[in-house]
Structures are given as C-alpha cells and as structure tokens.
Amino acid sequence: MIAAIVQGVLVGGTYALVACGLSLAFGVMRLVNIAHGDLAVCGAYLALMAAAGFGAPPVLALVLVLPLAFGVGALLQLTLFERALRGGELAPVLVTFGLSVVIQNLLVTGASANPRSLDGGAFALAGFEVGGLTLSWLRTAGFATAVVVLGSLHLLLARTGFGRRVRATADDPEAARLSGVRVRPVFACVAGISVATAALAGMFLGLMSTFDPYSGGLILIFAFEAVVIGGLGSLWGTLAGGIVLGVTQQLVALWDVRFAVLAVHVLFFGVLVVRPVRA
Amino acid sequence: MLELDRISKRFGRVTVAEELSLSVRHGDAVGVVGPNGAGKTSLFGMISGDLAPDAGEVRFDGRRVTALDASVRCRLGIGRTYQVPRPFTGLSVFENVLVAAQQGAGTRGRASYALAAEVLAGTGLADLAGRPAGRLGLLQRKRLELARALATRPRLLLLDEVAGGLTDPEVAELVALITAARARDGLAVIWIEHVVRALTATVDRLICLAGGRVVGDGRPLEVLATPAVREVFLGTEASADALTEVERDA
Amino acid sequence: MSTYPTSTYPTRRTFLGALGTAAVAGCSSGLRESSGGTGRSLKIGYVSPRTGPLAVFGESDDYVLGRVRAALAKGLSIGGRGYPVEIVVKDTQSSAARAAEVAGELIQRDRVDIVLATSTPDTTNPVSDQCEAARVPCVATVCPWEIWAAGRPAPTYSYLHFIGTEQEVGVFAGLWSKADTNKVVGGLWPNDTDGELYRRFVTAEPGWRVSDPGAYEDGTQDYTSILAAFARDDVEILQAAPIPPDWVTFWRQAAQHGFRPKIVSVAKAMLFPTVAKTLGELAEGLVAPVWWSAAFPYRSSLDGTTAKAFADGYGRPWTPPMGFNHALFEIAVAAFRAAADPKDHAAVAAAIGTLKGEAISGRYDFTAGPSKNVSMAPDLLGQWRRNPAGEYDLVIVDNTLDPAIPLQGEFTPLR
Ligand SMILES: Nc1ncnc2c1ncn2[C@@H]1O[C@H](COP(=O)(O)OP(=O)(O)OP(=O)(O)O)[C@@H](O)[C@H]1O
Ligand SMILES: [Mg+2]
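Residues numbered from 1 in each chain as written. Chains lettered and ligands numbered in written order. Predicted model: local features only at pLDDT ≥ 70, side-chain atom pairs only at ≥ 80, totals over all residues. Heavy atoms only, no water.

With an unreviewed UniProt entry as reference, chain C is termed ABC transporter substrate-binding protein, source organism Acrocarpospora phusangensis.

An unreviewed UniProt entry annotates chain A as Branched-chain amino acid ABC transporter permease originating from Acrocarpospora phusangensis. Per UniProt, chain A carries the Subcellular location (unreviewed entry) text "Cell membrane". On record in UniProt, under Sequence similarities (unreviewed entry), the comment for chain A is "Belongs to the binding-protein-dependent transport system permease family. LivHM subfamily." (UniProt positions renumbered as here; feature names shortened; annotations may be inferred.)

Below you can see the structure in the form of structure tokens.
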C-alpha cells in the first residue's frame, strides 16, 4: 500500500513534467496544444540525434536540445499559434491538431516507425532501497526534475519582472499592451518554455520507455488529464494532478492491474463532470 | 500633439466614427460628451491602439501611429484608462503599477519601484499596495486604473468615465487627482464623462460626439448651448438633467 | 495574355482535370484488357500496415515488393498463356476499419484476382472478411491462426499460413523444462486477444504454477505492482507478450527493481532486431519465437533466392515478417498455377486449399491444418545474443518443430 503510493507519486512526477508545459500554454495564452505530446517526442528524437551525432549522453544532450526546443516553441508561437489564437475558440485546436499530424508524418519519413529509446547507461537501470522499498533512480530523478522545473517556473512567474509581464498578459492581454507590455515576445517566450519542458519530459520518457512517431497521442492524453484534474492553468495544481493520476493508477493496480489505466480515465471523466471546464 | 485625420469605423451597421477629424495640443484638457453608443470609447480605442480604424489616420507628435501596436503607442506617451476597470486581477496593486512603470515608462530597477510607489501615493493607494487587485472595490479599481495609466508616464492621458458610478465626494477626489497630475506633469488630457459637471470644472474645451461625428467643439458652455448639442442631449433624460445642473452652476 | 482566349488557356485546374481523365481512361482500358483477350493480366492486392503504430511490421514492404516485382517482371506463363502480373499495394494505417476499407477498394475498384493480407489480426481478419463476402481469394499471414479462425464463419475464400499460439506455448514449455527452476511462470499479458491466448494456453500447460497479476493495458508506464506480484510469487520464468514499447519499459523497470528470472521468453516484442538494439545489454539472453530468420535453409519458389541472400539484400537488420510476406506472393503464384483458370476466383480459392509446398519461409500445407483453410508454420525458439560486432542476433536454440533448420547455439538460462 505504502509502496504503491510512493511509486504512484514518482510516476505522477513524470506526468506532471509532461503536463506543465501544456498547463503553462493554456494558462497564459489559452492555447490548447494538441501537438504537445508530439513535441515531447520530437525532444526525445533530438536527444537521440545528439547522442548519435556527438556521442553525447542524454544529460549533455539537454544543453543542445533545450535551447533548440525553446527556439522552436517561440517560432511556432510567432508563426502559427498567434494567428490561430486570433481565429476563435476552435482554431487553435484545429491548427495544433494539424501540427501534430505533420510532426508525426515528418518523424515517420525522417526516422521510420521503429520504436526508439534513449540509453541512460547504468544509472537508468539502477535502483535503490529505502525503508524496504526498491525505487528506481530514473523515476526518482524524473520526479525531482518535475518538482525543480515546476518550482523554477513558479519562482520565475512569481518573482521576476518577466513573470509579472506574463501574469499581466495572461490576465488581460489588451490591458497589458496598454501598460506598455510587448505581448508578442512574452507569448513567444512562454511558448518556448512550454516546448522546452515538453522536450525535457520527452527525454525522460525516452529513457524510461520507447517512443515512436506516434507516441505523442498517449503522452498528450495523460498530460491533459493531469492538467484538468489539477485545475486548468495552475502549475502546482498540475503537479497535484499528475500525482493523483499516478497514485490512483498504482492503488487500483494493487486490486486489479486491468483497471489501472481505465481508473485514471474514469477519474478524469468524473472531474470533468463535477467541475466542468470553463474557457 | 494628437491628430485624427478623417478616421472611420463601423461595426456592422453601427457607425462609431465617420470621417472624424480632431486635433489636441500639448497641455490641452479636452472633455468629450455624447449619448450612449456615440462612439466615445471606440474613439479612445483607435487612439490607444486597441482598435484599428477602417479608414483614416492617427498621428501622434506628427508621427503616423495608425498601424502601431498599443504597447508601442503607450511607450510613445499615450496612456489610457478603461471605462470598466480592467486591473490584472492576479497581481497585487503594486505589481499592477510596477508593470506599467517598467514597460510603459521604461524605468528599471530602483527607479521603477520609486515611480510605482510615487504614483500609488499620488492616487491614494499606498496602503493597499500589497493587496491582490482582484479584491478591490469600485473606487479603488478606478484609482488603480488611473494609477496604472499615470505610471506609464504619459504625455497624453485618455480618461474614460473615471467618475462614472462614484459618489460626489469620490468624484471630487478623483478630479483633484487629475488636476494635480496635470499641474505637475503638464500632460494633455482627453476625458470622456457623462457627469458633465465634473468635466466643465476641469476642461477648457468640450467636444460632443453623436453617431460617430463631432457635433460640437469649443468652450464648454458655448458647446452645451448649441442647438445641435442640445438636441442630442435632450434625447436622454439623465443627460438633460445634467445639462440644467451645469447651467444652474454657471 | 489577353491575346489568348481564356477558354484555351490551360489553367491549373483544367490541367489537373485532364490528368484525371487520362488516369481514368488508363484504368478502364486496363479493365477491358483484363476481362477478355490474350493480354489479360493478373492483379494481386497487398494489404499491410505501413504507417501507424504497427508500421514496424510493414517496414520491409518496399524491399519485399521490389524483390517480388523483379521476380515476376516477365509475368507468369500458365497453361501456355502469358499473364503480366500487377501488384496493387494498400496501407491500413494500422487501423482495422481502414484495412476493411482498402480491401473493399482492391476488390471493387482495382478488381484484383487475389488479396494478400499481413501483420496482426487488425489487418488479416477484416481483409479476410471482406474477401469472403466478395468471393475473392485471400491469403493472410502474421496472425496466430487461433485468432484468425476464432469468431468467424468457416472460411471458403480466405486462407491463413502462420504459426499458432498453443503450439508456441508448447515449444516454450519444452524449453523451460530444460532449466532447473521452481516451475513458477509469471505472465505479463496485456489486455488484448494475444495476451488472452497466452494466458489460456500457459495456464492449461500441465506442470507449471502461474503467477498472473492480471491483464494490463497497452501503454502502461509503470509496472511496479506487477513486479511486486512476481517477486512475491518468486517467479523464475517469465512469459510475456507485450507490444515493443511496453516491453522496453517493463524490462528496464525490472532491472531497476532487481527482478531477474532464470528464463525470460517474450513473444511479439522481441521479434524485432530494433527492439533488441534499443534494449542493448538488457536484450542478452532473452528468448523469442523464431518464425523466420535469415538462417532458414529455404529458397524463394519464384526465383530461387536463399533466405540468407534475401535478408542480406535488405541492407538493414532483417525482420521476421519479411519471410512470411514474401511467402504470400509465392503461395498466390502457386495458386494461380494450380487453378484451371487463374482469373476464376472460385477456382483459385479452391486451388489454395490443395497447396503443399515450400516457400522462402519454409513449408506450407493447406491440406492438413489444425483448422479449415489454415496452414500451420513451425515455430522455433531463439535467444538474443551479442555478436562480436556488438550487435544482437537471434540465435536459434530450439528446432523441435522443424529439425531441418539447423540449431545455432545452446540455450542458456539467465542465471
Ligand atoms: N467590438 C465591438 N463589436 C461590435 N460593436 C461594438 C464593439 N464595440 C463597440 N460596439 C458598438 O459601437 C457603438 C459605440 O460603442 P462605444 O463603446 O464606442 O460607445 P460609447 O460612446 O463609449 O458609449 P457609452 O457612453 O455607453 O460608453 C455601440 O453601439 C457599441 O455597441
Ligand atoms: Mg464608452
């Protein structure tokens, strides 16, 4: 029981790591990014390329992948999302869905449909014992990363001038403009951060499991559920949402593995019914 | 400093500006009156950059700003308050003003904190600096709206019904604030107000808008006396009362 | 430009329209040809998942089709008559609904003479159903025969040549008895038909105690509860039938938790060399079924290519479906030759039922299958081993079902 809860919390950290970028983009720009999972998969592929090209271990690949992902996110915002966001409620969903399909097809042509994975070396396969529980280093690192990322994002938003601008813009972009805030760069940065965190999460998923050009869909579903369960647009809520997902899954698995994933979806559905999403 | 050159704007069948031209000079204090839906707020939108005119041109300091983003116009020196206050509800009162001081006035670091504090003191919000802006009452919100606009260090200030919905003493307080700001910074003001009395006490020029056109422009009492303006005003009972009040004052 | 009357100036649209008309004209003339006269061609439809989550199965399609087209370039001579052969390829996009749809297209629009379907029940079953309904011959592969035969009326036009899960479990059990264990078998079986079959047959196999934590969903990210159950029951033999991504996740977590049974036999996921490459050292010693490998001592009945040459020509690590996909075409050609009239669908379908022969994948025999219209392929077992080049090979360690295929090594338990 305790084991299940601890494992669930760790798994939840991974969900939260994927979800935080989605949550951020929604919270600030009201952007529902259907391609978020696919962008995470792209991050994993980039890390794979960095590893193959320069022989860089995944951690070093970060140095390369994160800035690149940030740039891609900013560029997407300036070229694609910005226009979509002006086009009404449905446009961003359709546009990012299109992006998702494009990414999947590009990945299939560029990298084939074979499942790939990142090699994390001995660290990724090792575990440690704590109070009679065996925990995986990798998952623990994933959870810690999620907490650090969410914590830094929180500090960035709460304590810095950039964060103030972001919050002001998220509240009321027109009023922010009127106070002199250049909204485009703010949104571009937020999209950049969102995609960078997606890429980071993608790398963790690549270390834990395999990915292929179509993995993004499943990643998106869990991230989306974490965001909704945690309350839309709230970062700590997203972490809580991820943990709730992970723990639910583990506890239900204790009883019957068959219903573990189903339970998560049912929980999500229940939350939607009790607390419908308002835009 | 501000010139509107034959600007036009329609929303479907509604015309909010029709070949409207207007110019305002440094230090001017211009009042704007007109019935509901006359296009007063829309006019501010086109000056501040929230709203793009269908035709015509907006110039500020001789420079065409029609295509410029609202944030750029703000940095050039156009400040504006909203008719219905729109504070950043997730930020504290201080942060609301600080964003304007840093982004609009271009101050950094300590200078920006000093400016924000100064504006808050000037608008009587100093005690509320730490409170989330979402938890302010109407008068305080209107003050914050004014404070945020002032913190951008504008040279032209657009005030949209800052007195609406306030009690007489509250209006008097706000008027005093604005007069003080004008005296100190020498800024030009365009002020939309239904409470004509508050206006006539402050402005030296009055414009009356109706159906997207200027139907009167000149010294306040003279404008109010023109038949065209009277006709527009007598259409609504409340405005008619206001008119008689002003005349009685005079 | 104004000197040209607009009506004769070709716009993009009229140009494309013209192309379309030409294409239709081409098609209909093709049809006319095939419905009579001497120049009749034989059309083979081929349905496989080339894109989507099942795309690993169709990965080698371009190569296989290239080999087959080259071998059949001169057409077939049957009963003294020459027939050009045309192959129409359709992608299921890994969806069963789409598989049924493209099968319908092949039958109605392309008017193919035989449909070949491959890779997972999601392809083979809907395509076979369509062919039964339209009375067009069909040969399918890469789907355990139990799943293909179950829940469908007795087939007349559709056939399957592949291994069976029950037989596979038998072979696995034979291998398990070679090692000294406590006879506790842990079952990692997903919530799908494959998983259900393994559960049923492993549980029915006498002499083993089964630890079954329950059917998990595909895409599960965390297996700690399953690992805990295996540890509790002291599992020394693992039998798994996961999809590749889940297996990688599971097996890595097993390493993190120090779970290392003596024998790990993995169906489905460990068929593919790419998965072994992904796992790296963790792939060492895993046991997987071998339906086909480059080491098979068989040749293509189309042009005599050996399995080795066929695999080497690919230029990438060979995959097990390659051999069986190639065999589909060999069976189709054999059926055309065996039928009185290769354009007669009923005759071709009946002819398949009489076939007994050898293809690059090994022997096939539609006359004595475990179920109607089924030809059962033998199932061998291999163990993944690191070769001197640092790559992983599936080394044949059990050939009970087809001793003609040489062993390549001795089975060794993981610990
Ligand atoms: N974004 C918009 N879309 C459609 N119609 C609009 C929009 N904004 C304003 N209008 C219409 O344009 C007209 C003028 O609006 P505006 O707000 O400029 O009037 P106003 O003079 O400020 O009125 P009030 O005294 O009530 O504030 C109104 O009829 C209003 O309904
Ligand atoms: Mg108004």
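Participant: Looking at this model, I keep getting lost on the interface of chain A and chain B. Mind explaining?
Facilitator: One frequently used descriptor of interface size is the decrease in accessible area upon assembly of the parts. In this complex, chain A contributes 17 residues to the contact, which on the side of chain B involves 24 residues. Regarding the contact of chain A and chain B, the summed buried area is about 1,800 Å², with carbon and sulfur atoms giving 51% of it. Sorting the residues of chain A by area buried against chain B places R164(A), L178(A) and S179(A) first, and these three jointly supply 37% of that buried surface. Of all the elements in the fold, those that place two or more residues in the side of chain A that touches chain B are α7 (161-171) and α8 (173-178) of chain A. Take the side of chain A that touches chain B: its biggest share by element is six residues, from α7(A). Residue classes in the side of chain A that touches chain B are distributed as six nonpolar, three polar and eight charged. (Contact = heavy atoms within 4.5 Å. Buried area = accessible area lost by both parts, 1.4 Å probe. Helix = DSSP H or I, 4+ residues; strand = E, 2+ residues; numbered from the N terminus. Nonpolar A, V, L, I, M, F, W, Y, C, P; charged D, E, K, R; others polar.)

Participant: Honestly, the UniProt feature "domain: Leucine-binding protein" (unreviewed entry) in chain C in this entry has me stumped. Any pointers?
Facilitator: Per the UniProt record, the feature "domain: Leucine-binding protein" (unreviewed entry) sits at residues 42-368 of chain C. Here residues 42-368 of chain C is 41% helix and 19% strand, with 28 Å between the C-alpha atoms at its ends.

Participant: Teacher, can you tell me more about the pattern of salt bridges here?
Facilitator: Note that side chains of opposite charge can pair when their charged atoms are close. All names here are of chain B. Per the stated rule, a full pass over the model turns up 39 salt bridges over all chains. Note that E145 and R148 form a salt bridge whose closest N and O atoms lie 3.6 Å from each other. Of the two residues, E145 and R148 both sit in helix α5 (residues 138-151), three residues apart, roughly one turn of that helix. Each of the two residues, E145 as well as R148, counts as buried. Notably, a salt bridge pairs R205 with D217, separated by 2.9 Å at the nearest N-O pair. Of this pair, R205 sits in strand β9 (residues 205-210) while D217 sits in strand β10 (residues 213-218), and the two are 12 residues apart along the sequence. Among the charged side chains, a network of salt bridges with common partners joins E3, D5, R6, E57, R59 and R64. (Salt bridge = Lys/Arg side-chain N within 4 Å of Asp/Glu carboxyl O. Buried < 20%, exposed > 50% of the residue type's maximum accessible area, 1.4 Å probe, protein only.)

Participant: I keep staring at the interface of chain C and chain A and nothing clicks. Help me out?
Facilitator: On the side of chain A, 32 residues touch chain C, which itself brings 32 residues to the contact. Summed over both partners, the interface of chain C with chain A buries about 2,600 Å², with 55% contributed by carbon and sulfur atoms. It is Q221(C), R252(C) and Q256(C) that lose the most area in chain C upon contact with chain A, and together they represent 25% of the buried surface on that side. Residues R139(A) and D222(C) are paired through a salt bridge, measuring 3.4 Å at the closest nitrogen-oxygen approach. In this assembly, chain C and chain A are joined by 13 residue pairs in polar contact (both at pLDDT 80 or more). (Polar contact = N/O pair within 3.5 Å; in protein donor to acceptor, adjacent residues only side chain to side chain.)

Participant: Help me out: how do you make sense of the coordination of the magnesium ion (ligand 2) in this one?
Facilitator: Perfect tetrahedral coordination of a metal by four donors corresponds to 109.5 degrees between them, and perfect octahedral coordination by six donors corresponds to 90 or 180 degrees. Residues and elements named next belong to chain B. The protein atoms that coordinate the magnesium ion (ligand 2) are T41 (OG1) and Q83 (OE1), at distances spanning 1.8 to 2.2 Å. Remark: Q83 occurs in the loop between β6 (78-80) and α3 (93-104) and T41 occurs in helix α1 (residues 40-48); sequence separation between them is 42 residues. Residue classification places Q83 among the partly exposed positions, given a relative accessible area of 31%. (Donors = N, O, S within 2.8 Å, 3.2 Å for Na, K, Ca; no water.)

Participant: Help me understand the sheet that holds strand β7 (residues 156-160) of chain B, please; the structure alone is not making it clear to me.
Facilitator: Strand-to-strand pairing in sheets goes through backbone hydrogen bonds, with the strands running parallel or antiparallel. All names here are of chain B. With respect to topology, six strands assemble into an open sheet ordered β6-β7-β8-β3-β9-β10, the strand pairing being mixed. Sheet topology places β6 and β10 at the edges, where each strand pairs with a single neighbour. If you compare each strand with its neighbour and ignore which way they point, the axes differ by 20° on average. Relative to β7, β6 runs parallel, the two being bridged by three bridges. Note that in β7 the partner of R80 across the bridge is L158. (Pairing = 2+ DSSP bridges. Axes fitted to C-alpha atoms, helices over the stretch in contact; angles between N-to-C directions.)

Participant: What am I meant to see in the site of ligand 1 here?
Facilitator: Residues and elements named next belong to chain B. Near ligand 1 there are 14 residues, and of these N36, G37, K40, T41 and S42 occur at the shortest range. Between ligand 1 and G37 there is a distance of 2.9 Å, counted from an oxygen atom to a backbone nitrogen or oxygen. Within the contact set of ligand 1, an oxygen atom lies 2.7 Å away from a side-chain nitrogen or oxygen of T41. For ligand 1, whose free accessible area comes to 630 Å², the fraction covered by protein is 61%. Elements represented by at least two residues in the shell around ligand 1 include exactly β2 (14-24) and α1. Counting residues per element, the shell around ligand 1 draws most heavily on α1, which supplies three residues. (Near = heavy atom within 4 Å. Areas by Shrake-Rupley, 256 points an atom, 1.4 Å probe, with all protein chains shown as cover.)

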